[in-house]
Amino acid sequence: MASLSLRGIYKKYPGGQVAVSNVNVEIKDKEFIILVGPSGCGKSTTLRMIAGLEEITEGELYIGDRLVNDIAPKDRDIAMVFQNYALYPHMTVFENMAFGLKLRKVPKEEIARKVEEAARILDLTHLLERKPKAMSGGQRQRVALGRCIVRQPQVFLLDEPLSNLDAKLRAQMRTEISKLHKKLGTTFIYVTHDQTEAMTMGDRIVVMKDGFVQQIDTPQNLYLYPTNKFVAGFLGSPQMNMIDAVLRQDPTNLLYYVEFGSADSKLSKGVKYTIVVPPEKAQNAPQLASYVNKEIILGIRPESIHDEPMYLQNATTGVVDCEVELTEMMGAETYLYLNCEGVSLTSRVAPTTTARTGDTIKVVMDPYKIHLFDKETEVTIMN
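Colleague: What exactly am I supposed to notice about the pattern of salt bridges here?
Modeller: Once their charged atoms are close, side chains differing in charge can pair, the charge on each being opposite to the other. Going through the model one piece at a time under the given rule, you end up with 14 salt bridges. Between Lys 11 and Glu 54 there is a salt bridge whose closest N-O contact spans 3.4 Å. Note that Lys 11 is positioned in strand β1 (residues 4-12) and Glu 54 in the loop between α1 (43-51) and β4 (58-63), a separation of 43 residues in sequence. For Lys 11, a relative accessible area of 8% corresponds to the buried category. Linking Asp 321 and Lys 362 is a salt bridge whose minimum nitrogen-to-oxygen distance equals 2.8 Å. Pair noted here: Asp 321 is in strand β16 (residues 319-329) and Lys 362 is in strand β19 (residues 360-365), with a separation of 41 residues, a long-range link. For Asp 321, a relative accessible area of 31% gives the class partly exposed. With relative accessibility at 44%, the residue Lys 362 sits in the partly exposed group. Within the structure, one salt-bridge network assembled from shared partners comprises Lys 11, Arg 48 and Glu 54.

As structure tokens, this is what we get:
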């Protein structure tokens, strides 16, 4: 059993600085869980507390049924992969991978078998006699993973292991680590600040900010149902558009609608735009009634802002006029950077778009894909 339980974990440094506050996470056996957040949010500190490299100030950490707060790192049955690989430069790949087993006085035959098996899994067999300086970053990272695999730990801890690699290699290694997790059937806890890594690799994601856990859920649920503005804005690339708006209610049909525009801008023509909240969405957000005529934040993802004629012809609400400030051709898609009544918007559209920099175009915001947030607390009002 390699489940983990973090119960009310705090990390406080001398001088009153609190790095991690009241972290409560239950990690299932064989789960691939990702800790994600901006630099300084406490994710690496949390990982180091699990590893035993940082002392836990308050709270309890269980690995399986065993309380490990006061257990030495070497006795926790975990293995850690660091950002900088931490390989011994004077040793060959074989010697690097075998080093931990030699320290444990494992018989030579067993060491050879385990290293060769890990090398086969990681496609390192042909590199076993090479030294780290004669290898690429991706190969070194695989050696660092291999050194952990040979120990057959209950839990793998990975601290931003891909951040030193170039973009293409990072994408390749993401896939390799995901396959490795399935092959080994071990619990993986992975720290990253890269939300693409988090979305593509994890069974569940723990989103952190300023030492606090913001939300824990599957990648899909975090994307569709963020609990607050921070989570909504952090996950997704390009990130969600956030627009200052006001919630209104039509006195005749009692439909809610969101009003924005007429900003203090050179491009402003004094026009206000509205998006009617679909009744079925409003039904699931009874708290909307208390926000009528109040300032809120309207969130909408770039892929939910369309410029295609099909959407514009069928739209009954959410159509806005924009000036195209910049277009980015990405191959399979195009990003439009728009200005609508002084409000900056990013739209992700088909590569066949005819919109070009300087054009004035109409786009439609999908009312079924809007999110509303409290302007003061930034808590989600409606997803």
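Colleague: Help me understand the pairing of β4, please; the structure alone is not making it clear to me.
Modeller: The two faces of the sheet receive side chains in turn, since in a regular strand these alternate between them. Here five bridges tie β1 to β4, and the two strands are oriented antiparallel to one another. By the bridge assignment for β4, Leu 6 is matched with Leu 61. Where β4 lies against strand β5 (residues 66-67), two bridges are found, and the strand directions are antiparallel. Its bridge partner being in β5, Ile 63 is matched across the sheet by Arg 66. Here β4 folds back onto β5 in antiparallel fashion, the turn holding two residues, of which Gly 64 has a positive phi close to 65 degrees.

Colleague: Explain the nonpolar core to me, please; I cannot follow it from the model alone.
Modeller: One broad rule of soluble globular proteins: the nonpolar side chains tend to lie buried together. Residues Ile 34, Met 97, Leu 145, Leu 158, Ile 177, Tyr 190 and Val 207 are the most contacted members of the largest nonpolar core, which totals 45 residues. At five residues, the largest contribution of residues to this core is made by helix α4 (residues 137-149). Among the nonpolar cores identified, the runner-up in size contains 34 residues, and Ala 245, Val 320, Leu 336 and Leu 372 belong to it.

Colleague: What is the right way to read helix α5 (residues 167-184) from this model?
Modeller: Side chains three or four residues apart in an α-helix point the same way, a direct result of the helix having 3.6 residues per turn. For α5, built from 18 residues, the straight-helix expectation of 26 Å at 1.5 Å per residue is met to within 8% by its first-to-last C-alpha distance of 26 Å. Among all positions in α5, only Met 173, Arg 174, Ile 177, Ser 178, Leu 180 and His 181 are buried. Each buried residue of α5 lies within a common arc of 160 degrees when the element is viewed along its axis, so the set occupies one face. For α5, the exposed residues set more than 90 degrees away from the buried face come down to Lys 168, Lys 179, Lys 182 and Lys 183. Sitting at the head of α5, Asp 166 places a side-chain oxygen 3.2 Å from the backbone nitrogen of Lys 168. Taken from the residues just after α5, Gly 185 is the one with a positive phi, measuring 60 degrees.

Colleague: What am I meant to see in the layout of surface pockets here?
Modeller: With a probe scaled to a water molecule rolled over the atoms, the places where space remains empty come into view. As a volume, the largest pocket reaches approximately 520 Å³. Forming the walls of the largest pocket are 18 residues, and the residues nearest its centre are Ala 79, Met 80, Phe 82, Arg 147 and Arg 151. Partitioning the lining of the largest pocket into residue classes produces 13 nonpolar, one polar and four charged.

Colleague: Would you explain empty space enclosed by the protein in this entry?
Modeller: Within the structure shown, the criterion is met by one cavity of 30 Å³ or more. In this structure, the largest cavity occupies an estimated 40 Å³ of space. If you trace the largest cavity, you find it lined by Leu 6, Val 23, Val 25, Ile 27, Leu 35, Thr 46, Ile 50, Ile 189 and Val 206. Listing elements by their share of the lining of the largest cavity, those giving two or more residues are β2 (18-27) and α1. Looking at the lining of the largest cavity, the element that brings in the most residues is β2, giving three residues. Across the lining of the largest cavity, the residue classes tally to eight nonpolar, one polar and no charged.

Rules and cut-offs
Residues numbered from 1 in each chain as written. Predicted model: local features only at pLDDT ≥ 70, side-chain atom pairs only at ≥ 80, totals over all residues. Heavy atoms only, no water. Salt bridge = Lys/Arg side-chain N within 4 Å of Asp/Glu carboxyl O. Helix = DSSP H or I, 4+ residues; strand = E, 2+ residues; numbered from the N terminus. Buried < 20%, exposed > 50% of the residue type's maximum accessible area, 1.4 Å probe, protein only. Pairing = 2+ DSSP bridges. Core = buried A, V, L, I, M, F, W, Y, C linked by side-chain atoms within 4.5 Å. Expected span 1.5 Å × (residues − 1). Arc of directions from axis to C-beta. Polar contact = N/O pair within 3.5 Å; in protein donor to acceptor, adjacent residues only side chain to side chain. 1 Å grid on protein atoms, 1.4 Å probe; cavity = no way out; pocket = protein on both sides within 12 Å on 5 of 7 lines; lining within 4 Å. Points joined across faces, edges and corners; volume = space filled by probe spheres on them. Nonpolar A, V, L, I, M, F, W, Y, C, P; charged D, E, K, R; others polar.

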